[in-house]
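# An overview of the molecular structure
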Amino acid sequence: MKTVLCASLVAAMSTSAAWSSAEHECPVEAGDSWRPSAAYHWLDIALNATAHEVPRFGARPTIISRQLAIVETASYDAWAAYDDIAVGTRYGGNLRRPGPERTEANKQTAIAYAAFRAMLDQFPTEADYITDAFVAAGFDPDDMNLDPASPVGIGNLAAAAVLDYRHHDGANQLGDEPGSDGEAYSQYIMYRPVNGPYEVIDPDRWQPIPASDGNGGVAVQTWLTPHWYRVASFGLESPDQFRAPPPPVVASEQLMAETEQVAQMNADLTADQKALVEFMRDGPASTGQAGHWLNLSQVVSCRDHNDLDTDMKMYFAVANVAMDAFIASWESKIYYDTSRPWTLIRHYFGDEVIEAWGGPGEGTVPLEASRWMPYSPAVFPTPPFAGYPSGHSTVSAASADTLRRFTGSDHFGHQVRLEAGSLTEPGHSTTPVTLDFPTFTYTAEQAGISRLYGGYHIQADNLEGLVMGRHVAEQDWPLLEAYFNGTAQVSGALPAPQG
């Protein structure tokens, strides 16, 4: 058995890779002619660009989901021009090329240029990395051809149309929404937290947590993209279409019990549970939940030896459903603006001594509840936005259900081997662990429960997120099928450009 790294389609590109995950190898038997597709390869580059940006900007899962959806949509639209029946999202079927031009080589070239142009727009700080990867693959970054009779032109046209549509889709990518501060993706809905970092006025509402800045100081959180419910979705009827029911409140027995449950879980973590928390959290080179599930989609590609056509449709589907799941989740998050275990444990238990994780290498210790910490690095004590519903649960359920529908089976059959504690307690003893993910559904459920183990969410956040995510996948699936089978009615489809 010989192992071929999927990212090494072009060896030069792997040298600057920032992200890595335990499931990123494709086992290919010696003599097997199958290799990962061009769609797989350009997704790898996009995931690397994402991981490069996280240390610079911090984890921005909403933004990442849109970035990756834009890259995959531009690539899909370019690919669709060379398919017999599929239609794209901006031109519909108006870019379709004649039968003799529908070759594998033309598809690969069109996808490459579409992905390249979209990535330059979405990851501007990674322009050098992206361009080096593009040149290493044998393409000319200065070829701005817009001739639809050329695969280069098709790729450039497809990307330009998607980017033009997305630049004013509510995300505020350009920082020019009225009410924003001019920074890319800055909020423009005038959100202000009820609570302060050291003062809780309403324990039912979100608290900006004071976190370590990594240099001995303190950095107070700000709510990440509270305006995200305003982003144009792929297939939702409205952002509140699947709004979660009202969450439990501090005065309820349910919230008290679920807070105690998280405190107990966090105190009694096993090596397997620590490994699950870290795997689903993604680590310092995170690609967010959208990137995580696109990576798991790559595992499916390797498992099933997918061809280019299958990969292109699958990544397009998962990326856009994940984006919609974030939009739906954020609508409920900002509507209810709920607190997280960090605030709730302090509210319920105050200075009472409880059993808790004592920090890196300390294990379980008696600790005042006012000093309680999730199983997480000090620079990331909990995500900077409201808890209800869990974004991990929502996006994971949506992505998992999309993969189930796309492959025609819930079977996954994936294993991940990693060292428990390596991302949260570096320099201390770690334990080798193998995580098993037999089905897509189980994988999503494990993603959800990992957030309780980690101390980031209560059970209501998780369960309602799973429900919401499955609703999003069910909503989007008929539209995806319509794009694939050519029956989608593309509102305002662009006319065929003149060559």
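Going by the structure above, here's the rest.
Residues numbered from 1 in each chain as written. Predicted model: local features only at pLDDT ≥ 70, side-chain atom pairs only at ≥ 80, totals over all residues. Heavy atoms only, no water.

## Some points on the pattern of salt bridges
Quick reminder of the rule: Should a side-chain nitrogen of Lys or Arg be within 4 Å of a carboxyl oxygen of Asp or Glu, the pair is scored as a salt bridge. Relative accessibility under 20% of the residue-type maximum defines a buried residue, over 50% an exposed one, and the middle range a partly exposed one, all with a 1.4 Å probe and only protein chains included. By the criteria applied, helices consist of DSSP H or I runs no shorter than four residues and strands consist of E runs no shorter than two, each listed in order from the N terminus.
Within the structure shown, the criterion is met by 15 salt bridges. The partner of Glu101 in a salt bridge is Arg97, and the shortest N-O contact between them spans 2.9 Å. What makes Arg97 buried here is its relative accessible area of 15%. A salt bridge links Arg470 to Glu445; the shortest N-O distance between them is 3.5 Å. Of this pair, Arg470 sits in helix α13 (residues 459–485) while Glu445 sits in helix α12 (residues 440–454), placing them 25 residues apart in sequence. By relative accessible area, which is 31% here, Arg470 ends up partly exposed. Overall, the relative accessible area of 33% leaves Glu445 in the partly exposed class. Each of Arg66, Arg166 and Asp169 takes part in a single network of salt bridges with overlapping partners.

## Let's talk about the nonpolar core
How we decide: Only buried Ala, Val, Leu, Ile, Met, Phe, Trp, Tyr and Cys residues count toward a nonpolar core, and they belong to the same one when joined by side-chain atoms within 4.5 Å. Only heavy atoms enter the contact rule, under which two residues are in contact if any of them lie within 4.5 Å.
In terms of nonpolar packing, the biggest core is built from 146 residues, with Trp42, Tyr76, Met119, Trp228 and Tyr483 touching the most fellow members. Ranked by the residues each element gives to this core, the list is headed by helix α9 (residues 308–336), at 18 residues. Residues within four places of Met119 in sequence aside, it is in contact with Trp42, Ile45, Ala46, Val71 and Ile130.

## Re the environment of Asp309
Rule in force here: A 3.5 Å cut-off defines polar contacts: any pair of N or O atoms within that distance qualifies, except that in protein one atom must be a possible hydrogen donor and the other a possible acceptor, and neighbouring residues in sequence count only when both atoms are side-chain atoms.
Note that Asp309 resides in helix α9. Spatially, the C-alpha atoms of Asp309 and Pro495 are 24 Å apart, while their sequence positions differ by 186 residues. The contact partners of Asp309, leaving out residues within four places of it in the chain, are Trp79 and Lys107. A distance of 2.9 Å separates a polar atom in the side chain of Asp309 from a polar atom in the side chain of Lys107.

## Let's talk about the environment of Gly465
Inspection of the secondary structure puts Gly465 in helix α13. Along the chain, Gly465 and Thr225 lie 240 residues apart, while their C-alpha atoms are 18 Å from each other. When near neighbours in sequence (up to four residues on either side) are disregarded, Gly465 contacts Pro389, Ser390, Ser393 and Thr394.

By themselves, these figures tell us nothing about what the structure is for.
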